[in-house]
Amino acid sequence: MAEGADAKLYKEFHATPQSLDILSLRTLLRLLQSERRNRAERLEVLEDRLQITNSELAFRRCEADECRDKLYEAQRKHQAGYRERDRYALADGYDQAAEALEQRTAQIRRSMEQVLLEQITQVFGREKRDQHGFVTQGVRDLMIIKSEQEEVRERTFRDTILVTYVMPYSEQKQHLTYRVADSTTVKTLKEDACMHWELNEAEFVLKVANNSKVHDALKVTACFRPNEDGHFLLVYKTPKNPSVLPSEYADILPKHGRKRFLTRREEGRQDMTSIRMQGAKVKSKSLAEEMLLLPGLFRFMTQRDRKVKKHLRSLRLRTICAYFVLVFLTAFSIAVLRPPRVGYECTTGISETITGGQHPQTFDTIRSEEDIWQWLEKSVSVEVFSDDSMLREYNYLVGYLQVLIQQVSQPSPANCKGVEGEASAANFSCVHSAFADSTADRSPQRKLENHWASKVAQDGRSMEKPWEYRKMSHPTSGAHSEAQAFQRTDGSGNRFEYQLQYTPLSVVRSAFLSDMHFLKQAGWLSDQTRALYTLEVSAFGTIHPLAHIEPFRPHLLEYGLDYELLISDIVRFCLLLFLILQELVEFRHECKETGSSWKQLVTVQTLVDFSILIFFLVALGFRISYYASEPSVSYALSHLDSFRDAGQVAENYGVHVCLESVLLALCLYRFVYFLRVNRSVYIVWLSVARSASYLLRLSPLLLLVFLGFLVLGMSAGNKVHECNRNFGAMVSCSLLILSGDYHPAQLEPGESLRLIYVILLFCFGRLIVANIWLSILMQEYHSARVEAGFSPETYKWREYDWVNWCMPWPLNRLYLKLRPSIVPLQSKA
């Protein structure tokens with residue numbers, strides 16, 4: 001009916017166009033436009049067909065040209081054969097006869113071609129043909145004329161369907177493109193899809209995109225709306241639940257009639273009553289009451305999306321950039337102060353040459369006095385006082401070599417403790433176990449004075465008098481205070497010093513060997529000795545070799561180098577001031593708006609910011625002392641006058657680098673804190689923070705339990721074991737056991753109690769504490785994920801959000817004026 005009305009309107013327009021109203025003209029205009037589009041589509045189809053036909057015609061012409069060339073070649077060969085035969089003719093008559101025969105053959109061939117052409121025309125009709133006999137067709141002959149109903153049907157017809165196989169209990173999907181016809185049913189499509197994926201069709205069902213099931217008898221083309229995508233989902237059927245609850249079973253039992261009495265007789269009256277009571281109980285409990293039975297389930301199941309966006313107000317792009325620059329510059333400073341590989345190669349090279357196994361007596365195997373003298377005479381003298389040694393080949397030695405000996409006073413009854421009675425004490429003579437200023441041996445050493453009196457400042461020896469006890473009076477004299485195995489020693493004692501740049505070195509080596517030989521013959525090492533060089537001697541006769549090498553730089557900003565370090569310090573100082581001032585300004589603004597007090601300024605993040613500033617100022621103080629110190633060359637030359645201790649300077653340099661490392665860790669903490677603008681980072685941060693707060697509440701109890709384990713380990717362990725040396729050693733060993741650094745093969749046969757202690761400590765730390773914290777972390781992660789929006793699309797930023805966050809207010813306002821369409825309706829309101 002609509003098509004008839006359109007045709008009638010079209011005729012009226014051609015007849016009297018002035019009589020039509022505006023609505024009719026609009027309808028007619030749409031008809032003309034649709035007709036124009038149809039003609040354009042038909043013209044494209046015809047052009048495609050014409051192109052195909054022209055391609056086929058060109059191919060046929062090429063074939064015809066090839067056949068013609070073959071025919072001409074055959075004729076040429078045939079004529080050449082005739083000419084070859086006529087060459088041997090005896091008379092000219094043969095040439096005339098051959099020419100007549102050739103003309104006759106050509107006439108016969110033309111007659112046969114004409115007859116064949118007429119027969120082909122009779123069989124295939126009288127189409128127009130070209131000179132080669134090929135049929136020629138016009139443009140209208142190649143056109144396919146379709147009705148208007150067929151054209152409308154082709155616009156909405158679906159010939160291809162997308163089938164997606166959703167794997168059961170998985171997020172993986174597979175896709176299949178399926179060609180359909182008008183008569184294709186849903187059942188046929190499902191069977192073919194299941195056959196393609198080798199599935200059982202009875203266990204699967206086809207659904208459309210809105211999760212609606214389609215019937216098997218429907219046609220595929222009738223399952224979709226006109227503008228809907230042709231997309232099927234092949235999903236697994238929901239399995240039926242064969243189990244019956246007691247309440248359901250009680251409900252389906254017969255209530256009246258003969259079957260009711262039979263059921264009671266079979267199951268008994270008591271069973272029936274219990275079933276009904278159980279069913280009543282099940283009916284009376286709601287889902288909320290069931291969830292309350294399990295701790296935390298009701299809270300987890302009832303939580304909702306809280307639209308957590310309040311924290312985004314304080315997260316600014318400029319702050320993230322400032323902390324990123326701080327992290328980069330701090331890491332750069334550490335790389336300049338401790339260049340990669342340099343410190344390791346320096347310390348390893350020196351340690352291997354002096355304490356390694358290149359000499360008969362190694363440093364780590366020293367266990368007796370004889371081993372000490374062997375190491376001094378055969379290892380130290382060879383490496384330090386030989387021009388061709390490996391140590392001097394790759395290093396430049398400055399200053400003096402100092403051999404420091406620390407001895408306590410002679411044994412006396414006054415040193416004994418715990419002996420009751422004066423008579424009993426008079427029979428004992430005790431020696432001090434540790435070296436200190438009050439226990440040091442200050443008695444005059446006549447043997448040393450007689451031997452060294454004439455040798456002071458001779459053959460490379462220094463002006464130091466080794467027979468006199470020297471107390472450490474200022475930092476540049478003697479070794480700095482160093483922690484050893486049993487005590488903390490300083491640079492006090494008797495010192496023997498030898499110049500390292502004296503020439504020739506053989507003279508210094510001879511003097512060193514003769515002095516060591518004299519000390520050995522004089523019995524200088526005794527039960528009063530507590531330290532020699534870097535060897536610690538206990539009161540029980542045990543010797544502990546300790547080697548420590550600390551690389552450092554005595555001065556910075558030398559020879560035009562390291563100026564980038566100074567620039568880095570200036571930039572970091574400006575950035576820290578900017579961050580502190582910004583935080584104070586934001587807090588004052590918040591106080592005006594919300595009325596909060598100054599007590600709220602004391603937060604973890606504020607304390608971290610002030611800690612960053614304090615650590616930087618302390619490190620900068622160390623840095624300024626290195627900037628203002630004497631140059632490295634002058635510092636090295638100052639060692640030629642007398643022995644100069646570099647231990648305190650090296651220790652300060654190491655502390656200075658450690659402060660930079662702590663500063664880097666704090667800056668990284670704040671940088672990650674401000675990255676919470678990303679939803680994933682915020683969820684992880686919130687989960688770790690909440691789980692850490694729970695663990696912090698349990699920390700007093702855990703520390704008490706750990707303290708009990710330490711006491712148990714000290715009482716149950718072997719007293720000879722190094723872990724039982726003191727309380728700090730037991731703490732270190734227990735932490736190593738918790739980290740997994742423990743080897744059961746190191747246990748001795750009598751340490752069964754220690755093995756039990758290790759197993760109990762491992763179960764407590766790794767199986768109980770670690771799993772408790774892990775379960776808390778997973779619980780808080782899921783809670784934070786729901787609280788911050790389960791769907792990431794809800795929290796996805798649009799262009800307006802990025803503009804507000806990234807751009808400052810002048811550029812922000814200008815951009816929004818240029819693009820007012822990105823402003824949401826709520827902001828406009």
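No experiment lies behind these values; they were computed from the predicted model shown. (Residues numbered from 1 in each chain as written. Predicted model: local features only at pLDDT ≥ 70, side-chain atom pairs only at ≥ 80, totals over all residues. Heavy atoms only, no water.)

**Student:** Honestly, the side chain of T184 in this entry has me stumped. Any pointers?
**Tutor:** Structurally, T184 is set in the loop between β2 (173-179) and α6 (186-196). At a separation of 2.9 Å, a polar atom in the side chain of T184 contacts the main-chain amide nitrogen of A181. Not counting residues within four places of it along the chain, the set of residues in contact with T184 comprises Y178, L218, K219 and V220. (Helix = DSSP H or I, 4+ residues; strand = E, 2+ residues; numbered from the N terminus. Polar contact = N/O pair within 3.5 Å; in protein donor to acceptor, adjacent residues only side chain to side chain. Contact = heavy atoms within 4.5 Å.)

**Student:** I would appreciate a short explanation of empty space enclosed by the protein in the present structure.
**Tutor:** In this approach, a probe sized like a water molecule rolls over the atoms, and the result shows the empty space that is left. Under the defined criterion, the tally for this structure stands at 2 cavities of 30 Å³ or more. In this structure, the largest cavity occupies an estimated 60 Å³ of space. (1 Å grid on protein atoms, 1.4 Å probe; cavity = no way out; pocket = protein on both sides within 12 Å on 5 of 7 lines; lining within 4 Å. Points joined across faces, edges and corners; volume = space filled by probe spheres on them.)

**Student:** Is there a simple way to think about the sheet that holds strand β1 (residues 160-166) in this case?
**Tutor:** Strand pairs in the sheet, formed through backbone hydrogen bonds, run parallel or antiparallel to each other. Strand order in the open sheet formed by 4 strands is β2-β1-β4-β3, with mixed pairing between adjacent strands. Both outer strands of the open sheet, β2 and β3 (204-207), are each paired with one neighbouring strand and no more. Taken over all neighbouring pairs, the strand axes of this sheet differ in orientation by 25° on average, direction set aside. Alignment of β1 against β2, held across 7 bridges, turns out to be antiparallel. Its bridge partner lying in β2, T164 is registered against H175. Each of β1, β2, β3 and β4 (231-236) touches α6; the most contacted strand, β3, lies at about 125° to it. (Pairing = 2+ DSSP bridges. Axes fitted to C-alpha atoms, helices over the stretch in contact; angles between N-to-C directions.)

**Student:** I would appreciate a short explanation of unusual backbone geometry in the present structure.
**Tutor:** Excluding glycine, a negative phi dihedral is what most residues carry, and trans is how most peptide bonds are arranged. The step from T503 to P504 runs through a cis peptide bond, and the omega angle for that step is -5°. Relative to the assigned elements, P504 resides in the loop between β8 (494-499) and α18 (505-521). We note that N211 has phi near 70°; this positive angle belongs to a residue other than glycine. Positionally, N211 belongs in the loop between β3 and β4. Its relative accessible area of 54% is what places N211 among the exposed residues. Of note in the backbone geometry, A457 takes a positive phi value of approximately 60° without being a glycine. For A457, the location among the structural elements is in the loop between α17 (446-452) and β6 (482-483). (Buried < 20%, exposed > 50% of the residue type's maximum accessible area, 1.4 Å probe, protein only.)

**Student:** How should I be thinking about the packing of aromatic side chains in this particular structure?
**Tutor:** Think of a pair of aromatic rings as described by two things: how far the centres are apart, and how the planes are tilted against each other in angle. Counting across every chain of the model gives 18 aromatic pairs. Plain terms: the ring middles of Y498 and F512 are 5.2 Å apart, the flat faces sit at 85° to each other, and that makes the pair edge-to-face. Residue Y498 is found in strand β8, and its partner F512 is found in helix α18; the two are separated by 14 residues along the sequence. Each member of the pair, Y498 together with F512, is buried. With a centroid separation of 5.5 Å and an interplanar angle of 90°, the aromatic rings of Y673 and F674 are classed as edge-to-face. For the pair Y673 and F674, a shared accessibility class is recorded, and that class is buried. Through pairs of rings, three or more aromatic residues link up here, namely Y323, Y669, Y673, F674 and W685. Over the face of the ring belonging to Y673 we find R676, whose NZ or CZ atom lies 4.0 Å from the ring centre. (Phe/Tyr/Trp six-rings, centres within 6.5 Å; stacked < 30°, edge-to-face > 60°. Lys NZ or Arg CZ within 6 Å of the ring centre and 35° of its normal.)

**Student:** How should a negative patch on the surface be read in this particular structure?
**Tutor:** Taken together, the side chains of E41, E44, E47 and D48 present a region of like negative charge at the surface. Tracing the sequence through the fold places E47 in helix α2 (residues 22-87). You can call E47 partly exposed: its relative accessible area is 46%. (Patch = residues over 30% accessible without salt bridge, like charges linked within 9 Å, V, L, I, M, F, W, Y side chains within 5 Å. Areas by Shrake-Rupley, 256 points an atom, 1.4 Å probe, with all protein chains shown as cover. Salt bridge = Lys/Arg side-chain N within 4 Å of Asp/Glu carboxyl O. Lys, Arg positive; Asp, Glu negative; His and termini not counted. Charge placed at Lys NZ, Arg CZ, Asp CG, Glu CD.)

**Student:** What's the story with the UniProt feature "transmembrane region" (unreviewed entry) in the chain in this structure? I'm lost.
**Tutor:** Mapped onto this numbering, the UniProt entry annotates "transmembrane region" (unreviewed entry) at residues 315-337, 606-628, 653-673, 694-716 and 755-776. Here residues 606-628 runs as 100% helix and 0% strand, with 33 Å between its end C-alpha atoms. Within residues 653-673, the helical portion is 100% and the strand portion 0%, while the C-alpha atoms at the span's ends are 31 Å from each other. (UniProt positions renumbered as here; feature names shortened; annotations may be inferred.)

**Student:** Sorry, what's going on with the environment of F363 here?
**Tutor:** Topologically, F363 is positioned in the loop between α13 (342-355) and α14 (369-384). Residue F363 is classed as buried on the basis of its relative accessible area, which comes to 2%. With near-sequence residues (within four places) excluded, F363 lies in contact with T355, W375, T534, L535, P545, L546 and A547.

**Student:** Sorry, what's going on with the sheet that holds β8 here?
**Tutor:** Taken in spatial order, the 5 strands line up as β8-β5-β9-β10-β11 in an open sheet, and their pairing is antiparallel. The open sheet has two free edges, formed respectively by β8 and β11 (543-545), since each of these has just one partner strand. In this sheet, adjacent strand axes meet at a mean angle of 10° when their direction is disregarded. As defined by bridge partners, strand β5 (residues 400-407) adjoins β8 across 6 bridges and the pair is classed as antiparallel. Each bridged residue has a counterpart across the sheet, and for V403 the counterpart in β8 is F496. With respect to the sheet, α18 is in contact with β5 and β8, its orientation differing from that of β8 by roughly 160°.

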